[in-house]
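Chain residues, written in single-letter form:
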Amino acid sequence: MAKLSSSRQKALLRKYSFNVKFLMMLASICVIVFALPKQAKFSYDMEKGKIWNQKELISPYNFAILKTQSEIENDEKTALASITPIYQADDDIGSHEQDGFKSDLEVKWHNAGIKDYKKAEFVLAGDNLLKEIYNRGILNLNPKYQQNAENYKITILDKNVATDKNTADLFTKQKALAYCNQVLSSRGDLDKAFLLNLISSRLQPNLNYDNKLTSRLEKEVVDGLSLTRGMVQKGEIIVNKGSVVNDEVYQKLQSYKKAFEDNSRVTGDPRLVLIGQFLLVSIAIILLMVFLYLFRKDIYEDNRLVSLILLVVTAMLFTLSMAIKLQLPNLYYIPYCIVPIIIRILFDTRLALNIHLLVVLIAGFFVPNSFEFAYFELTAGMVSIYSIKNLIRREQFLISALIITFTYFVSFIGISFIREGSFRSIDWMDFLPFVVSVLLTLLAYPLIYIFEKVFAITSDITLIELTNTNAPLLREMAFSAPGTFQHSLQVANLAENAIYTIGGNALLVRAGALYHDIGKMENPLYFIENQSGYNPHDKLPYQESAQIIIRHVRKGIEMAQKENLPEIVIDFIRTHHGDTRVDYFYQSFLKNFPEKFVDENTFRYPGPIPFSKEGGVLMLADSVEAASRALKEPDEKSISDLVDRIIKYKLEQNQLKDSHITLKDIETIKAIFKRMLMSIYHVRIDY
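Residues numbered from 1 in each chain as written. Predicted model: local features only at pLDDT ≥ 70, side-chain atom pairs only at ≥ 80, totals over all residues. Heavy atoms only, no water.

**Student:** Please explain helix α10 (residues 270-295) as it appears in this structure.
**Tutor:** Note that an α-helix has 3.6 residues per turn; residues three or four places apart therefore point the same way. With 26 residues, α10 should reach 38 Å at 1.5 Å per residue; the first-to-last C-alpha distance of 38 Å fits that figure. Looking at the packing, one finds that the buried side of α10 touches α2 (17-35), α11 (297-300), α12 (303-325) and α14 (349-364). (Helix = DSSP H or I, 4+ residues; strand = E, 2+ residues; numbered from the N terminus. Expected span 1.5 Å × (residues − 1). Contact = heavy atoms within 4.5 Å.)

**Student:** Mind showing me how you'd approach the packing of aromatic side chains here?
**Tutor:** Centre-to-centre distance and the angle between the planes together describe a pair of aromatic rings. All told, the structure shown has 25 aromatic pairs when counted by the stated rule. When the centroid spacing of 6.2 Å and the interplanar angle of 50 degrees are considered together, the rings of Phe412 and Trp428 count as tilted. Of this pair, Phe412 sits in helix α16 (residues 396-420) while Trp428 sits in the loop between α16 and α17 (432-441), and the two are 16 residues apart along the sequence. Residue classification places Phe412 among the buried positions, given a relative accessible area of 7%. For Trp428, a relative accessible area of 39% corresponds to the partly exposed category. Following the ring pairs from residue to residue traces out a cluster consisting of Tyr332, Tyr336, Phe373, Phe376, Tyr408, Phe409, Phe412, Trp428, Phe431 and Phe434. Cation over ring: Lys21 sits above Tyr300, and NZ or CZ is 4.5 Å from the ring centre. Between the NZ or CZ atom of Arg136 and the centre of the ring of Tyr179, over which it lies, the distance is 5.9 Å. (Phe/Tyr/Trp six-rings, centres within 6.5 Å; stacked < 30°, edge-to-face > 60°. Buried < 20%, exposed > 50% of the residue type's maximum accessible area, 1.4 Å probe, protein only. Lys NZ or Arg CZ within 6 Å of the ring centre and 35° of its normal.)

**Student:** Help me understand the nonpolar core, please; the structure alone is not making it clear to me.
**Tutor:** Nonpolar side chains in soluble globular proteins tend to be buried together. Judged by nonpolar contacts, the single largest core of 72 residues is most densely connected at Leu292, Ile309, Ile343, Phe347, Leu351, Ile355 and Tyr408. The element contributing the most residues to this core is α12, with 11 residues. The contact partners of Ile355, leaving out residues within four places of it in the chain, are Leu288, Ile309, Val313, Val339 and Ile343. Leu489, Ala513, Ile557 and Ile639 belong to the second-largest nonpolar core, a separate cluster that totals 67 residues. (Core = buried A, V, L, I, M, F, W, Y, C linked by side-chain atoms within 4.5 Å.)

**Student:** How should the packing of helix α20 (residues 472-480) against helix α21 (residues 482-502) be read in this particular structure?
**Tutor:** Relative orientation of the contacting elements α20 and α21 amounts to 125 degrees, with a least axis distance of 5 Å. One element, α20, and the other, α21, form an angle in the oblique class. Here Leu474, Met477, Ala478, Phe479 and Ser480 of α20 come into contact with α21, specifically with Pro482, Thr484, Phe485 and Ser488. A breakdown of the residues in the contact of α20 with α21 according to their chemical character gives 6 nonpolar, 3 polar and no charged. (Axes fitted to C-alpha atoms, helices over the stretch in contact; angles between N-to-C directions. Parallel < 35°, antiparallel > 145°, perpendicular 65-115°, else oblique. Nonpolar A, V, L, I, M, F, W, Y, C, P; charged D, E, K, R; others polar.)

**Student:** So what exactly am I meant to see when it comes to unusual backbone geometry here?
**Tutor:** With the exception of glycine, most residues fall at negative phi, and the peptide bonds are largely trans. Even without being glycine, Asn160 reaches a positive phi, approximately 65 degrees. Looking at where Asn160 falls in the secondary structure, it is placed in the loop between β4 (153-158) and β5 (161-166). Owing to a relative accessible area of 75%, Asn160 belongs among the exposed residues under this scheme.

**Student:** Would you mind showing me how to read the environment of Val249 here?
**Tutor:** Tracing the sequence through the fold places Val249 in helix α9 (residues 247-267). A sequence separation of 203 residues divides Val249 from Met46, and the C-alpha atoms of the two residues are 9.9 Å apart.

**Student:** Any chance you could explain the pattern of salt bridges here in plain terms?
**Tutor:** As a working rule, side chains carrying opposite charge can pair if their charged atoms are close by. All chains considered together, the criterion is met by 29 salt bridges. Measuring nitrogen to oxygen at the nearest pair gives 2.6 Å for the salt bridge that ties Asp91 to Lys159. Note that Asp91 is positioned in helix α4 (residues 91-109) and Lys159 in the loop between β4 and β5, a separation of 68 residues in sequence. One salt bridge connects Lys555 with Glu558, and the closest N-O pair in it is separated by 3.9 Å. Here Lys555 pairs with Glu558, and both are found in helix α23 (residues 542-562), just 3 residues apart, close to one helical turn. Taking relative accessible area as the criterion, Glu558 reaches 41% and is therefore assigned partly exposed. (Salt bridge = Lys/Arg side-chain N within 4 Å of Asp/Glu carboxyl O.)

**Student:** What is the right way to look at a nonpolar patch on the surface in this model?
**Tutor:** Together, Phe18, Phe22, Leu23, Leu26, Leu272, Ile275, Phe278 and Leu279 make up an exposed nonpolar region whose accessible area comes to about 800 Å². When contributions to the nonpolar patch are tallied by element, the ones reaching two or more residues are α2 and α10. Looking at where Phe278 falls in the secondary structure, it is placed in helix α10. Residue classification places Phe278 among the partly exposed residues on the basis of a relative accessible area of 32%. (Patch = residues over 30% accessible without salt bridge, like charges linked within 9 Å, V, L, I, M, F, W, Y side chains within 5 Å. Areas by Shrake-Rupley, 256 points an atom, 1.4 Å probe, with all protein chains shown as cover.)

**Student:** What is the right way to read empty space enclosed by the protein from this model?
**Tutor:** In this approach, a probe sized like a water molecule rolls over the atoms, and the result shows the empty space that is left. Under the counting rule described, the total for this entry stands at 2 cavities of 30 Å³ or more. When its volume is computed, the largest cavity comes out at roughly 60 Å³. Lining the largest cavity, in full, are Ile341, Ile388, Phe397, Ser400, Ala401, Ile404, Val438, Thr441 and Leu442. Of all the elements in the fold, those that place two or more residues in the lining of the largest cavity are α16 and α17. It is α16 that contributes the most residues to the lining of the largest cavity, 4 residues altogether. Residue classes in the lining of the largest cavity are distributed as 7 nonpolar, 2 polar and no charged. Taken as a whole, the second largest cavity encloses approximately 40 Å³ of empty space. As for the second largest cavity, its lining consists of Ala284, Ile285, Leu288, Val313, Ile355, Leu358, Val359 and Ile362. Those elements giving two or more residues to the lining of the second largest cavity turn out to be α10 and α14. (1 Å grid on protein atoms, 1.4 Å probe; cavity = no way out; pocket = protein on both sides within 12 Å on 5 of 7 lines; lining within 4 Å. Points joined across faces, edges and corners; volume = space filled by probe spheres on them.)

**Student:** Where do I start with helix α15 (residues 370-387) in this structure?
**Tutor:** Its 18 residues give α15 an end-to-end C-alpha distance of 25 Å, which sits within 8% of 26 Å, the value for a rise of 1.5 Å per residue. Looking at α15, one finds that the buried residues are Ser370, Glu372, Phe373, Phe376, Glu377, Thr379, Ala380, Gly381, Val383, Ser384, Ile385 and Ser387.

**Student:** For this particular structure, what's the right way to read the sheet that holds β5?
**Tutor:** Strands belonging to one sheet form pairs held by backbone hydrogen bonds; the direction of such a pair is parallel or antiparallel. Spatial strand order, β5-β4-β3-β6: 4 strands in an open sheet with mixed pairing. Strand pairing shows two members of the sheet lacking a second neighbour, β5 and β6 (207-209), which therefore form its edges. Averaged over all pairs of adjacent strands, the angle between their axes in this sheet comes to 35 degrees, without regard to strand direction. Relative to β4, strand β3 (residues 86-89) runs parallel, the two being bridged by 3 bridges. In the strand pairing of β4, Ile86 is matched with Thr155. Most of the contacts of helix α8 (residues 211-223) go to β3, to which it runs at about 145 degrees, and overall it touches β3, β4 and β6. (Pairing = 2+ DSSP bridges.)

**Student:** What should I look at first to understand the pairing of β4 in this one?
**Tutor:** The side chains of a regular strand alternate between the sheet's two faces. Pairing of β4 with β5 involves 6 bridges; the strand directions are antiparallel. Bridge assignment links Thr155 to a residue of β5, and that residue is Asp164. The turn linking β4 back onto β5 is made up of 2 residues, and Lys159 within it adopts a positive phi angle of 55 degrees.

Given below as structure tokens:
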């Protein structure tokens with residue numbers, strides 16, 4: 001089977017670009033809808049402590065009022081308090097220890113130094129004490145039941161016969177030994193120390209805590225508790241319009257919501273729910289595509305970038321849906337802010353805000369307390385975007401995380417005050433999910449790296465790395481072509497300040513400026529900034545000299561591609577001279593050989609001309625900085641005339657027609673270049 005060439009493949013992709021885009025949109029919608037919970041949506045938003053501004057709500061059917069969590073916990077606590085711990089009696093231990101006592105006495109009697117006729121008295125006294133102790137019972141106290149007092153009630157099972165006792169009436173090993181000491185102290189005819197030593201080694205619990213049986217009884221009593229209290233009858237008013245949603249009304253609304261959702265699972269038509277979800281998600285995705293078409297057509301026309309955006313949106317909503325289905329304890333554990341951060345760093349602020357808005361809108365249909373959810377996530381998302389507007393340092397991620405956490409905290413406090421009306425009633429553990437969410441948001445950093453590699457996108461993070469002057473190519477240029485390196489630094493400063501003022505990506509233009517002349521490293525001495533008296537062009541024909549100068553563009557592209565520089569940076573190398581002529585050698589040729597035919601293309605750069613605002617600014621900064629080095633006496637007038645002349649020439653040569661730079665921008669750029677060049681050459685300005 002014949003294999004299509006790469007050009008043919010690209011042509012087919014362009015031809016069927018819309019079809020591919022439509023299929024990606026459809027796939028994204030289907031995945032999101034498939035993952036969403038399939039049940040009817042409760043249409044009322046409720047907030048405790050607020051006025052009910054919606055219509056009067058009348059119950060359409062009977063439903064039970066659910067108990068609050070605190071009521072359930074109190075019921076469980078009361079129920080568990082009614083269960084006494086179970087202890088199993090072991091009758092064999094007492095008789096075994098009594099026999100052991102007698103055996104021990106026989107062994108130790110000969111070394112005790114006591115007369116033999118008293119032996120029977122010692123045996124009888126010790127045996128009676130052990131018998132009395134084991135008849136009453138020995139146990140180990142359980143700290144679990146000593147919350148309010150040292151002693152507690154228990155139930156003793158002896159041959160399946162239950163007897164209620166209090167541990168105060170029973171012995172522990174310590175109490176049993178103390179009792180023996182008290183009894184033997186009144187017997188002057190017995191060696192108390194000898195008997196106590198024998199008895200103490202024979203005191204073992206004969207009442208053992210039965211954890212398994214006790215836990216089973218506790219579980220049974222908890223499971224048997226009712227989770228409801230009272231009923232709301234069909235036709236009964238749940239809440240009147242204009243009334244305050246107090247605790248009682250709020251619990252009725254929560255109970256109605258639960259009953260509605262349970263009822264919709266049974267009686268609702270799942271096909272209609274599916275269609276509704278499909279329509280809602282479709283509108284959101286279509287709006288996203290419309291936004292791209294109207295405001296970011298460059299992204300819209302690149303299906304690779306569209307697929308990345310749809311992947312991020314789909315992944316977030318799929319994660320939310322799975323969390324709902326798996327009944328995650330709190331949906332705020334999910335790092336919603338990761339989406340706007342990724343989109344902001346890979347694309348721009350407007351797109352990040354638009355996508356975050358659509359994601360929150362879709363999610364709001366399926367999370368409880370939709371208004372609270374939307375407020376939390378919209379404010380946090382906006383803050384996350386604003387906090388990394390100009391990403392120039394890696395630590396901004398941590399700073400952004402702290403700002404997002406603070407925003408969540410302020411929102412949490414505000415909503416808690418509205419809901420509870422009391423500072424003491426705030427459950428601070430409810431803020432923990434927001435902290436976890438912010439920590440998970442830091443995963444944006446490795447995800448951005450993955451997306452960059454998979455989708456061939458250049459983020460601000462990559463540009464930060466490229467603008468480090470210790471980068472391999474820049475270090476090599478600083479060593480082999482120091483004059484070009486210094487020129488590149490000055491161009492970077494000029495271009496960065498200009499683009500920052502007129503609006504654009506300052507980090508991108510700086511990276512482009514630093515690398516735009518790397519091709520000069522092939523023959524650095526052929527460029528005037530690297531020469532020190534000797535000029536190799538003096539021995540070359542003008543055409544050859546022009547070709548050497550022009551070749552630095554092609555060579556720079558080859559070097560950049562070999563070092564895997566991003567294509568967006570390589571574009572600056574391609575366009576920084578546009579398709580202008582190498583005028584010095586061209587005019588020299590005309591002057592010295594007026595009779596010869598000249599092919600102008602021999603002296604002209606291959607282009608293309610700059611096609612972005614950043615590229616246009618770099619071209620102007622490059623030309624102005626290079627020309628300023630030829631000024632013999634740089635002063636305010638000469639610098640001003642130079643800047644005006646260079647920029648006028650570029651405009652006349654139509655080098656800026658595709659760069660989206662306005663005439664107002666041109667005037668701003670001129671002013672910035674003049675001011676900075678005068679500062680560089682230490683020109684005193686007359687006031």
